[in-house]
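Fold and contact review
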Amino acid sequence: MRDSTWKFLVFGAIVLVILGTTFSHASQDKVEVTKSPKVKDTNAKKPTSNEPPFVIERAVMCEDIRDMEPVKEAIVFSVENGHIICFTAVKNVRYKTYLVHRWVHKDEVTTTMRLKVRPPYWRTYSKIQLRETDKGPWRVEILDANGNVLKVLRFSVTD
Amino acid sequence: MEVIPKVLQVLRTIRPKDVLDIGIVSFVLFRFYMVFQGTNIWRILVGLSILWLLQYLAASVGIILTSWALQGITAAAAIIIIVVFRNEIRSALLVTNISNFFWGSPRHKKKATPPDIITDTVYYLARNGIGALIVFPGNEDISELLSGGLEWDGRVSQEMIVSIFMTSSPVHDGAIVIEGNKIKKVATILPLTQRQDIPTFYGTRHRAALGLVERSDALVVVVSEERGEVSVAKNGNIKWINRPQDFKKVLMDHLGLEAPSRRPWRKIFSQILIFSVFLTITVGVWYGFTRSRDTLIAISVPVEYINRPQKYEILDTSTNEVKLEITGPSRIVRGLRPEQVVVRVDLSTAAEGTNTFPITKENISIPPGLTLVKVRPGSVTVILDIVITKDVPIQAQWVGKLPPGKRLVSALIMPPSVKIVGGKAVLKKIQTIYTSPIRLNDLVKSGTVTAKLVLVPASIDLAPGEKDVVEISYIIVDDTPSPVNEEMHID
């Protein structure tokens, strides 16, 4: 294969990745995603098989985030609050990857959000707006990039 | 060639009680025949039956006016016959006791008239030119046809009869009545016939004999004084009998004393034949009554799925009821109850996944006498699933609203999960078992509540040993106001 063809393929792949990332974020219309690295990415390692890419240090449901800390953690939220946040802190991040927040209302997946994770420690969260029809039992499943469920947070939205 | 399968089909649907039904009616008809045979009542009953048949035929071919007229005549005739023949009916039923009605020949037991004595006496009288008139009643009551006379009640003997009819006897005029071995009446007057076509040499005795036999089933013996002849009148006719053995035979026939020892099989065969005729008639009526198809009904019947293999459970079915169109006699159709019709689908041969079973006559149970015309749908689809056990986490279902300033921060459910049993495909979709709703409104501090588990869908169940109640320990904290709000409050 000629050099120009290789270059074209590599360029095309980069463009596709950029476009994909952009549109996946844009489709989360109910979600605000904020990333706040506490420690700079200095010791990134290359991925190896079988080892988890990160460890969940903390995952809670809360009403707000202040200075990248969850505020008003709870398992029951009033619909009057207007929104809920799922906060997740991960440690031992071995390489750049992402985690997924899958929001499930009454066993129906309502939103799936992909959140960027950077070595070696990362805090992130996803947020949904609440409507009257959102009352009932909820859970947020936290998954790694391979689709493994790492943790499930259960809560209810009430009057 | 289609007749044989049809007959076999009918035979297959006959129940033991149908056999009993037909047997009872045939036997009752046969016994009625035995009791009333030879009498005018029997002939009238036959006439009525023909009338009824004609009416039925007229109705079936749509000759409305004729059918209506015949129906009226039949109804009126039935009442008139009962009134006119009340005496005959009474005598037949009175003479015949209950045991005689159900078994044996009713006429045999009531007659014990000695035929030999009568025969010898009659021909003795004839030889000696002594006129006589002797009445042997049949089944019918003739008391109203007789007038005058004396009650006698003397045992039958040649001497007794001869002495009665001797011209020197004060009771030699008129007739004597012999019942059994008794002379019941003497010097009784019989009604005279009104016929003009009888021979001129017949005297008053012959006219009286004919007059009685025209009106009853009695037998009257006339001994001519002038010619020394013996004549026998019966059924409106009179005939001269020269030979004593012929006379004896006629007499015995009338008395029902036909020598049983001579040809017993012949009598039995004759009765079997008569019974067979009644049996055939009854079967015909029964068939017409129970197998006619003059009414069509459509009913919805739930489908029963039977013999499901233990390892499977029914995940879904295409239908739970089928619509049947059933035809049959209106009497049976009108009395049909839904629980009498059952549709069963045998799942013993079913496999995991989708199974289709045709609904045929073999699947459907309907009362005898009814015929299945159509089934909709013609088949059912049953989806079977393997029964498995799954460990599923439990989630509390909070409802209502916490008191102001309170926040529910955690809850520990014991046990945290539960084992449920159900179809593989159903359990695959179930990720959580929820509790029944727990109200928040009254929760002001940490504590413990119990709640029942809600199993949805209904096809799932708790595994053996699992409890359907969980205990939830919860922690409630006071909700501290946010710093921003505090600052605003201070301001």
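The paragraphs below set out a description of the structure included in this document. (Residues numbered from 1 in each chain as written. Chains lettered and ligands numbered in written order. Predicted model: local features only at pLDDT ≥ 70, side-chain atom pairs only at ≥ 80, totals over all residues. Heavy atoms only, no water.)

Structural notes on the sheet that holds strand β14 (residues 371-376) of chain B
Residues and elements named next belong to chain B. Test applied: Two strands pair under a simple rule: DSSP has to find at least two bridges between them. Here a helix means four or more residues in a row that DSSP labels H or I, a strand means two or more in a row labelled E, and each is numbered from the N terminus.
Ordered by their spatial adjacency, five strands build an open sheet running β13-β11-β8-β10-β14, and the pairing between neighbours is mixed. Where the open sheet ends on each side, the last strands, each with one partner, are β13 (364-365) and β14. Sheet topology note: the strand β8 (residues 295-306)/strand β10 (residues 321-328) ladder contains eight bridges and is antiparallel. Along β10, the bridge assignment pairs A298 with E325.

A few points about the nonpolar core
Applied cut-off: Take the buried Ala, Val, Leu, Ile, Met, Phe, Trp, Tyr and Cys residues and link them wherever side-chain atoms come within 4.5 Å; each set so joined is a nonpolar core. The classification of residues rests on relative accessible area computed with a 1.4 Å probe and restricted to protein chains. Under 20% of the type maximum is buried, over 50% is exposed, and intermediate values are partly exposed. Any pair of residues with heavy atoms lying within 4.5 Å of one another is described as a contacting pair.
Of all hydrophobic cores here, the largest spans 51 residues; its most connected members are W103(A), F155(A) and W398(B). Broken down by element, this core gets its largest block of residues, four residues, from strand β23 (residues 469-478) of chain B. If we ignore the near neighbours within four places in the chain, the residues touching W398(B) are I75(A), V76(A), S156(A), T158(A), L408(B), A411(B), I438(B), L440(B), L443(B), I472(B) and Y474(B). Y123(B), I130(B), F165(B) and A187(B) belong to the second-largest nonpolar core, a separate cluster that totals 29 residues.

Overview of the interface of chain B and chain A
Selection rule: The term salt bridge refers to a pairing of a side-chain nitrogen on Lys or Arg with a carboxyl oxygen on Asp or Glu at a separation within 4 Å. Polar contacts here mean pairs of N or O atoms no more than 3.5 Å apart (in protein, one a potential hydrogen donor and the other a potential acceptor; neighbouring residues in sequence count only if both atoms are side-chain atoms). Residues were grouped as follows: Ala, Val, Leu, Ile, Met, Phe, Trp, Tyr, Cys and Pro as nonpolar; Asp, Glu, Lys and Arg as charged; and all remaining residues, including Gly, as polar.
With 23 residues of chain B at the contact, the number on the chain A side is 18 residues. Applying the counting criterion to the chain B and chain A interface returns one salt bridge. Notably, a salt bridge pairs K401(B) with E80(A), separated by 2.8 Å at the nearest N-O pair. Here chain B and chain A share twelve residue pairs in polar contact (both at pLDDT 80 or more) between them. For the side of chain B that touches chain A, the secondary structure elements donating two or more residues are β15 (379-395), β16 (398-399), β17 (406-414) and α15 (483-490) of chain B. Considering each element in turn, the side of chain B that touches chain A owes the most residues, five residues, to β17(B). Broken down by class, the residue content of the side of chain B that touches chain A amounts to twelve nonpolar, eight polar and three charged.

Focus on the packing of aromatic side chains
Under the convention used in this document: Only the six-membered ring of Trp is used, alongside the rings of Phe and Tyr, when aromatic pairs are assigned; centres must lie within 6.5 Å, and planes under 30 degrees apart are stacked while those over 60 apart are edge-to-face, with the rest tilted.
The full count for this structure, using the stated rule, is nine aromatic pairs over all chains. When the centroid spacing of 6.1 Å and the interplanar angle of 80 degrees are considered together, the rings of W103(A) and F155(A) count as edge-to-face. With a gap of 52 residues between them, W103(A) in strand β6 (residues 97-105) and F155(A) in strand β10 (residues 149-158) connect regions that are remote in the sequence. Between W398(B) and Y474(B), the ring centres sit 6.1 Å apart and the planes meet at 80 degrees, which makes this aromatic pair edge-to-face. On the criterion of sequence distance, the pair formed by W398(B) in strand β16 and Y474(B) in strand β23 is long-range, its members being 76 residues apart. Overall, the relative accessible area of 3% leaves W398(B) in the buried class. Among the aromatic residues, those joined into a ring-pair cluster are F77(A), W103(A), W138(A) and F155(A).

Some thoughts on the pattern of salt bridges
All names here are of chain B. In this structure the tally under the stated criterion is 24 salt bridges over all chains. A salt bridge links D116 to K248; its shortest N-O distance comes to 2.6 Å. Of the two residues, D116 is situated in helix α8 (residues 115-127) and K248 in helix α11 (residues 244-255); the sequence distance between them amounts to 132 residues. A relative accessible area of 42% places D116 in the partly exposed class.

Quick notes on helix α2 (residues 16-36) of chain B
Rules: Helices are assigned an expected span. That span is 1.5 Å times one less than the residue count.
Here α2(B) spans 30 Å end to end across 21 residues, near enough to the 30 Å set by a 1.5 Å rise per residue. Every buried residue of α2(B) is listed here: D18(B), I22(B), S26(B), F30(B), R31(B), Y33(B), M34(B), V35(B) and F36(B).

Some remarks on α8(B)
All names here are of chain B. A rise of 1.5 Å per residue sets the reference length of α8, with its 13 residues, at 18 Å; its end C-alpha atoms lie 18 Å apart and thus fit the reference within 8%. All of the buried residues along α8 are P115, I118, T119, T121, V122, Y123, L125 and A126. Check the buried side of α8 and you find it contacts β1 (132-136), α9 (158-165), β3 (175-179), β5 (219-223), β6 (230-234) and α11.

Focus: the sheet that holds strand β7 (residues 237-240) of chain B
All names here are of chain B. The criterion, for reference: A fitted line through C-alpha atoms represents every axis, and for helices the fit uses only the stretch in contact; the resulting angles, taken between N-to-C directions, go from 0 to 180 degrees.
The strand order β2-β4-β3-β1-β5-β6-β7 describes an open sheet built from seven strands, whose pairing is mixed. The open sheet terminates on both sides in strands that have one partner only, identified here as β2 (150-155) and β7. Neighbour-to-neighbour, the strand axes of the sheet open up by a mean angle of 25 degrees, direction not taken into account.

Some details on the packing of α8(B) against α11(B)
Residue and element names in this part refer to chain B. In plain terms, the rule: Working definition: roughly parallel below 35 degrees, roughly antiparallel above 145 degrees, roughly perpendicular at 65 to 115 degrees, and oblique for all remaining angles. By definition, any crossing whose near helix is turned counterclockwise from its far helix by less than a right angle is left-handed, and any crossing with a clockwise turn is right-handed.
It is the contact of α8 with α11, at a shortest axis distance of 10 Å, that shows an interaxial angle of 135 degrees. Classified by the interaxial angle, the pair formed by α8 and α11 is oblique. As for how α8 packs across α11, the hand of that crossing is right-handed. Counting all contacts with α8, which are made through P115, D116, I118, T119, V122 and Y123, the residues of α11 involved are P244, F247, K248, L251 and M252.

Considerations on the side chain of S26(B)
Positionally, S26(B) belongs in helix α2. Excluding anything up to four places from it in sequence, S26(B) contacts F275(B), F278(B), L279(B) and T282(B).

Re the layout of surface pockets
Residues and elements named next belong to chain B. Put simply, the rule is: For each structure, a 1 Å grid was placed over the protein atoms alone; sets of points admitting a 1.4 Å probe that cannot get out are labelled cavities, open sets with protein on both sides within 12 Å along at least five of seven lines are labelled pockets, and lining residues have an atom within 4 Å of a point. Grid points are joined across faces, edges and corners, and a volume is the space filled by probe spheres set on the points.
Here the largest pocket defines a volume of roughly 1100 Å³. Taken together, 30 residues make up the lining of the largest pocket; nearest its centre are L29, S49, W52, I281 and V285. Mapped by element, the contributors of at least two residues to the lining of the largest pocket are α2, α3 (40-60), α12 (264-291) and α13 (330-334). When grouped by side-chain class, the residues that make up the lining of the largest pocket number 21 nonpolar, six polar and three charged.

A word on the side chain of T193(B)
Residues and elements named next belong to chain B. Tracing the chain through its elements places T193 in the loop between β4 (182-188) and α10 (204-213). Reaching out from T193, the side chain makes a polar contact with the backbone nitrogen of R195 at a distance of 3.1 Å. Filtering out sequence-adjacent residues up to four positions away, T193 remains in contact with I198, R207, L210, G211 and E214.

Points about the environment of A209(B)
Residue and element names in this part refer to chain B. In this structure, A209 sits in helix α10. Given the relative accessible area of 0%, A209 is considered buried. Spatially, the C-alpha atoms of A209 and V135 are 8.2 Å apart, while their sequence positions differ by 74 residues.

A look at the pairing of β23(B)
Each regular strand carries side chains that alternate between the two faces of the sheet. Alignment of β17(B) against β23(B), held across eight bridges, turns out to be antiparallel. Note on β23(B): the bridge partner recorded for M414(B) is E471(B).

Side note on the environment of L29(B)
Residue and element names in this part refer to chain B. In this fold, L29 is placed in helix α2. For L29, a relative accessible area of 33% puts it in the partly exposed group. For the pair L29 and L279, spaced 250 residues apart in the sequence, the C-alpha separation amounts to 8.9 Å.

Some thoughts on the pairing of β10(A)
All names here are of chain A. As defined by bridge partners, strand β4 (residues 76-78) adjoins β10 across three bridges and the pair is classed as parallel. Note that in β10 the partner of S78 across the bridge is T158. Of the pairings in the sheet, the one linking strand β9 (residues 136-143) to β10 comprises eight bridges and is antiparallel in character. Within β10, the position partnered with E141 by the bridge is V152. The antiparallel hairpin formed by β9 and β10 contains five residues in its connecting segment, where G147 sits at a positive phi of about 90 degrees.

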